[in-house]
Amino acid sequence: EGDNKTGTLEVNNLKTTRSISPDATKTANDINIPTEGPTVPVNVTVAPSNATATLSETSRGISVAYSTNSGANAGWIGGGFSYAGTTLGYRNLAALTNLVFSLKSTEPNLKLELVDLNNNKSIVYLSGASSTTETFYSVDLSKMIGNADLTKVSFIYVIVEGDNKTGTLEVNNLKTT
C-alpha cells in the first residue's frame, strides 16, 4: 500500500485437479446411484446449443451419441440423471461415502459433476474410461471440488470436454439384474 511501490504479488488459490481412476474391485452389484422405481432418476443430457447429444436408454442406464463441435456454444456435452422432477426436486446423497457407477466412453478422460437444487456444482475428473469394457468408479464425495449441497442433489452428470470430439458415452446407474 502506498505510492511508488514495486515488487511481485503471487496469489495461489487454485485447487488441485483431482482425477479418479477406475476401481477394479467394484462390480455392477456395487452401483449405488439412488433410484426409485423405473422412472427416478430421469435420464438426461446437457449440452451447449452448438453441440449435439442424442440420448437412448439401455437396460442399465443411458447411452449418449455425441459431437462436441467447436466455437461459441460448443466444446462439451454431458449425460446423466436428474432428480429435478421429483416432489422435492433433489435427492439427499449425504449418507453416501462413495458414489459407485460404471461407464463406457470413447473419450477416456471425463468429468463427474453434481449439481444441487440451487445450481451449485461439485466436480471431479475421471480417467481411464474404456470404449469397449465397462469401467467402474467409486468416487469419494468428500474429494469433489466445489460447493454442491450433497443433501439436495438435483443432477448427476458425466461430461465430455473438448472441441470436436465425437463418440458414445454410456453411463450405468443400475445394478445387474
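Residues numbered from 1 in each chain as written. Predicted model: local features only at pLDDT ≥ 70, side-chain atom pairs only at ≥ 80, totals over all residues. Heavy atoms only, no water.

## Comments concerning the environment of S154
With respect to the helices, strands and loops of the structure, S154 is situated in strand β11 (residues 153-161). Separated by 98 residues in the primary sequence, S154 and S56 have C-alpha atoms spaced 20 Å apart. With sequence-adjacent residues up to four places away left out, S154 is seen in contact with F81, S82, Y83, A84, G89, Y90, V115, D116 and L117. Only 2.7 Å separates the side chain of S154 from the backbone oxygen of G89, close enough to count as a polar contact. (Helix = DSSP H or I, 4+ residues; strand = E, 2+ residues; numbered from the N terminus. Contact = heavy atoms within 4.5 Å. Polar contact = N/O pair within 3.5 Å; in protein donor to acceptor, adjacent residues only side chain to side chain.)

## Brief notes about the sheet that holds strand β3 (residues 52-57)
Pairing is antiparallel in the open sheet, where five strands are placed in the order β3-β4-β12-β6-β9. In this open sheet, the two strands that pair with only one neighbour each are β3 and β9 (135-140). Within this sheet the neighbouring strands show an average axis-to-axis angle of 25 degrees, counted without direction. Pairing of strand β6 (residues 98-105) with strand β12 (residues 166-172), which is carried by four bridges, proceeds in the antiparallel orientation. Bridge pairing links K104 to E170 in β12. (Pairing = 2+ DSSP bridges. Axes fitted to C-alpha atoms, helices over the stretch in contact; angles between N-to-C directions.)

## As for the layout of surface pockets
Estimates place the volume of the largest pocket at around 210 Å³. Around the largest pocket, the lining comprises 14 residues; the ones closest to its centre are P38, T39, P41, N43 and L174. Broken down by class, the residue content of the lining of the largest pocket amounts to five nonpolar, seven polar and two charged. (1 Å grid on protein atoms, 1.4 Å probe; cavity = no way out; pocket = protein on both sides within 12 Å on 5 of 7 lines; lining within 4 Å. Points joined across faces, edges and corners; volume = space filled by probe spheres on them. Nonpolar A, V, L, I, M, F, W, Y, C, P; charged D, E, K, R; others polar.)

## Comments concerning the pairing of β6
Most of β6 sits out of view: six of its eight residues are buried. Sheet topology places β6 next to β9; six bridges connect them, and they run antiparallel. Considered in β9, the bridge of V100 is made with S138. (Buried < 20%, exposed > 50% of the residue type's maximum accessible area, 1.4 Å probe, protein only.)

## Some points on the environment of S127
Of note, S127 is situated in the loop between β8 (121-126) and β9. Aside from chain neighbours lying at most four places away, what touches S127 is S19, I20, S21, P22, P108, N109 and Y137. A polar atom in the side chain of S127 sits 3.3 Å from the side chain of S19.

## Overview of the nonpolar core
F101, L112, L126, V139 and I156 are the most contacted members of the largest nonpolar core, which totals 30 residues. Counting only elements with at least two residues in this core, the list comes to β4 (61-67), β5 (76-82), β6, β7 (110-116), β8, β9, β11 and β12. The greatest single-element share of this core, amounting to four residues, is contributed by β11. In contact with F101, other than residues within four places in its own chain, are I31, I33, L112, L126, T135, F136, Y137, V139, V158 and N172. (Core = buried A, V, L, I, M, F, W, Y, C linked by side-chain atoms within 4.5 Å.)

## So, the side chain of K111
Considering the arrangement of structural elements, one finds K111 in strand β7. Here E161 takes part through its side chain, which lies 3.1 Å from a polar atom of the side chain of K111.

## Here we look at the packing of aromatic side chains
The tally for this structure, following the rule as stated, stands at two aromatic pairs. For the pair F101 and Y137, a centre-to-centre distance of 5.9 Å together with 20 degrees between the ring planes defines the contact as stacked. Within this pair, whereas F101 is found in strand β6, its partner Y137 is found in strand β9, the two being separated by 36 residues in sequence. A centroid spacing of 5.4 Å and a plane angle of 10 degrees characterise the contact between F155 and Y157, whose relative ring orientation is stacked. (Phe/Tyr/Trp six-rings, centres within 6.5 Å; stacked < 30°, edge-to-face > 60°.)

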